[in-house]
Amino acid sequence: ITNWYIKCIKQYADFSGRARRKEYWMFTLFNALIAFVLGLVLGVFEVITGTQFISTAISAIYSLFIFIPSLAVCIRRLHDVGKSGWFYLIGLIPIIGWIWLIVLFCTDSQPGANNWGANPKEF
């Protein structure tokens, strides 16, 4: 799991190319686990110290750190199914947009090469 997370962090602002389903979902899973543990630890820290500023700052820093890699892997995932990165904006449509994006993120890779490169499954 951590290899996929580190791969996405190394490709911090790489919006070109393609990302497999496994890469996207492992990154998402590991990111959710980190956010959960961070929230748990910082929640306990808030209770013990009675201050909320430090935990809010740490949460904000992590969110800012992970925003660009998350966006990049989402766009590369859309490239893998043959969609433009701009298609991510479909998520702005309430409910239907997010459902459509989840379906696309779960869709298998487009076979062969497409406009954004070779199929990563073939390597």
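Residues numbered from 1 in each chain as written. Predicted model: local features only at pLDDT ≥ 70, side-chain atom pairs only at ≥ 80, totals over all residues. Heavy atoms only, no water.

1. Some words on helix H2 (residues 21–49)
An α-helical turn contains 3.6 residues, so a residue and the one three or four places further along point in the same direction. Taking 1.5 Å per residue, 29 residues should reach 42 Å; H2 reaches 41 Å between its end C-alpha atoms and fits that length. All buried positions along H2 are accounted for by Glu23, Tyr24, Phe27, Phe30, Asn31 and Leu42. Buried positions along H2 lie against helix H1 (2–10), helix H3 (53–80) and helix H4 (96–106). Of the residues trailing H2, Gly50 is marked for its positive phi of about 80°. (Helix = DSSP H or I, 4+ residues; strand = E, 2+ residues; numbered from the N terminus. Expected span 1.5 Å × (residues − 1). Buried < 20%, exposed > 50% of the residue type's maximum accessible area, 1.4 Å probe, protein only. Contact = heavy atoms within 4.5 Å.)

2. Concerning the packing of aromatic side chains
Applying the stated criterion across every chain yields a total of seven aromatic pairs. Aromatic pair Tyr5 and Phe27: ring centres 5.4 Å apart, planes at 15°, arrangement stacked. Taken together, the residues span a long stretch of sequence, with Tyr5 in helix H1 and Phe27 in helix H2 at a distance of 22 residues. Both residues of the pair, Tyr5 and Phe27, belong to the buried class. Judged by centre distance (4.9 Å) and plane angle (80°), the ring pair of Tyr24 and Trp25 falls under edge-to-face. Given the relative accessible area of 9%, Tyr24 is considered buried. Each residue in the set Tyr5, Phe27 and Phe30 is aromatic and connected to the rest through ring pairs, giving one cluster. Its guanidinium or amino end placed over the ring of Phe87, Lys83 lies 5.3 Å from that ring's centre, counting from NZ or CZ. (Phe/Tyr/Trp six-rings, centres within 6.5 Å; stacked < 30°, edge-to-face > 60°. Lys NZ or Arg CZ within 6 Å of the ring centre and 35° of its normal.)

3. Some details on the environment of Trp25
Within the secondary structure, Trp25 sits in helix H2. Residues Trp25 and Gln11 lie 14 residues apart in sequence; the distance between their C-alpha atoms is 16 Å. Other than its neighbours up to four places away in sequence, Trp25 contacts Phe105 and Cys106.

Treat this as a map of the structure, not an account of what it does.
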